[in-house]
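# Remarks on the overall topology
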Amino acid sequence: MLDAGIRADTAVLVREGRIVALGREPDLRAEARDAAIVDCTRGVLTPGFVDSHTHALFGRPRYEEQELRAAGVPYMEIARRGGGIHASVRDLRARGEDELVALAVPRLQRLAAGGVTTVEVKSGYGLTLADELKSLRAIRTLAAELPMRLVPTFLGAHEIPLEYRDRSGGREEYIELLVREMIPRVADEGLARFADVFCEPGVYTVAESRRVLRAARSHGLALKLHADELEAGGGAELAAELGATSADHLAAISEAGIAALARSETVATLLPATMVFLGRTRQAPARALVEGGAAVALATDFNPGTSPTSHFPLLLTLGVSQLKLSVAEALVAATVNGAAALGIAGETGQIAPGFSADLALHAVEDVRELPYWFGDHRCTRSWVRGKPCHQYDLPVS
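All of these numbers come straight from a predicted model, not from anything done at the bench.

Under the defined criterion, the tally for this structure stands at 30 salt bridges. For Glu 25, the salt bridge is made with Arg 29, and the minimal N-O distance between the two is 2.8 Å. Separated by 4 residues within a single helix, Glu 25 and Arg 29 lie in helix α1 (residues 25–31), roughly one turn from each other. Overall, Glu 25 belongs to the partly exposed group, its relative accessible area being 41%. Judged by relative accessible area, Arg 29 falls into the partly exposed class, the value being 40%. The shortest N-O distance in the salt bridge between Arg 185 and Glu 189 comes to 2.8 Å. Taking the relative accessible area as the measure of exposure, Glu 189 reaches 27% and is therefore partly exposed.

The structure is reproduced here in structure tokens:
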């Protein structure tokens, strides 16, 4: 991760949505005399950022919870009071698919404005068969309508719904619904690439998570986990055991969990904006993960309750200032490792021949400025599969 492959005075040749060559501009002009020319004004061209963990499909924001946390009400207590995920569940169930699509479009466009060209979007605020299918169909519509590359994830195991918590045997009943009805239906309709579980003490146990994820894998879905966010509960170890594509959050990961991920192919996806927004002082141990040999990615965790940010470049700043990554490590975590966290590292995340032309142009002179301009917008243009995704005129300064 220390080598971001930075080059200067380089042109990129794109044909039919794919990168075919990198080299000196005169050489590539001679090779492709009829090509359209895009002047990058000597800015910094990066692979489009890959936001590999979002909950961007939701209804109303949950701004009232921020004050509760400031007053000392814990996250799990807010959830027990019917807030948190449960509040978003009630809201989403009352909305139609078209309304969810309309709400998500500007949110995803704001992600694109920061240079994001690939974004994972989870369900998980429905928690009934009908509402989870509604959510995933809305994500499918967004993928067809927007120029970004969207990757859908089924997160029916985001919580145990309140109506199941309130009755004897309800917890087992809901897990049975996940395994016997929801997962097969999602897989049969081809609505998701991944299945995810919130594996956390107080939410889903390791044993429950293992059961749900094994069922998902038996139906052809790849695996992700929310793991060890608030307490070390063995989520990272489970992700490694099952060969999950990624284990996400990890702010409370144990030394055993770090070792398990380092020995595995599972990507450690870190979400530093979440911990900042929650007012937590402890971040995921990025240095220990990197130095142990784990692949580390960065993502926004964009959601209405605990990380309401669609500004991806902030992750680069937090990656350096909070997680103590180098600029090269943060850039790799935001691009190729983010792609690996979605199982598409052979398709996007690099500026190299054969890769999709998913690119972002930034109005800076040095790549080290990307995390330096804290909270600033520096992305001027982006492309997905060689086609324009976002444009904003801004001079290099």
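Time to look at the packing of helix α6 (residues 129–145) against helix α8 (residues 170–188). Geometrically, a packed helix pair is captured by the angle between its two axes and the distance between the axes. Running from N to C, α6 and α8 cross one another at 25°; their axes reach a closest spacing of 10 Å. Taken together, α6 and α8 sit at an angle that is classed as roughly parallel. Crossing hand, α6 versus α8: right-handed. Between α6 and α8, the residues in contact are Leu 129, Glu 132, Leu 133, Leu 136 and Arg 137 and Glu 181, Met 182, Arg 185 and Val 186, respectively. Along the lines of polarity and charge, the residues of the contact of α6 with α8 split into 5 nonpolar, no polar and 4 charged.

Attention now goes to helix α9 (residues 206–218). In this model, α9 (13 residues) spans 18 Å end to end at C-alpha, consistent with the 18 Å of a helix rising 1.5 Å per residue. Those residues of α9 not exposed but buried are Glu 208, Ser 209, Val 212, Leu 213, Ala 215 and Ala 216. Viewed end-on, α9 has its buried residues packed into an arc of 155°, placing them on one side of the element. Away from its buried face, by an angle of more than 90 degrees, α9 presents the exposed residues Ala 207 and Ser 218. In the core, the buried residues of α9 are packed alongside β6 (149–157), α8, β7 (194–199), β8 (222–227) and α10 (235–242). Just beyond α9, the residue with positive phi is Gly 220, at close to 90°.

Conventions used here
Residues numbered from 1 in each chain as written. Predicted model: local features only at pLDDT ≥ 70, side-chain atom pairs only at ≥ 80, totals over all residues. Heavy atoms only, no water. Salt bridge = Lys/Arg side-chain N within 4 Å of Asp/Glu carboxyl O. Helix = DSSP H or I, 4+ residues; strand = E, 2+ residues; numbered from the N terminus. Buried < 20%, exposed > 50% of the residue type's maximum accessible area, 1.4 Å probe, protein only. Axes fitted to C-alpha atoms, helices over the stretch in contact; angles between N-to-C directions. Parallel < 35°, antiparallel > 145°, perpendicular 65-115°, else oblique. Left-handed = near helix turned anticlockwise from the far one by under 90°. Contact = heavy atoms within 4.5 Å. Nonpolar A, V, L, I, M, F, W, Y, C, P; charged D, E, K, R; others polar. Expected span 1.5 Å × (residues − 1). Arc of directions from axis to C-beta.

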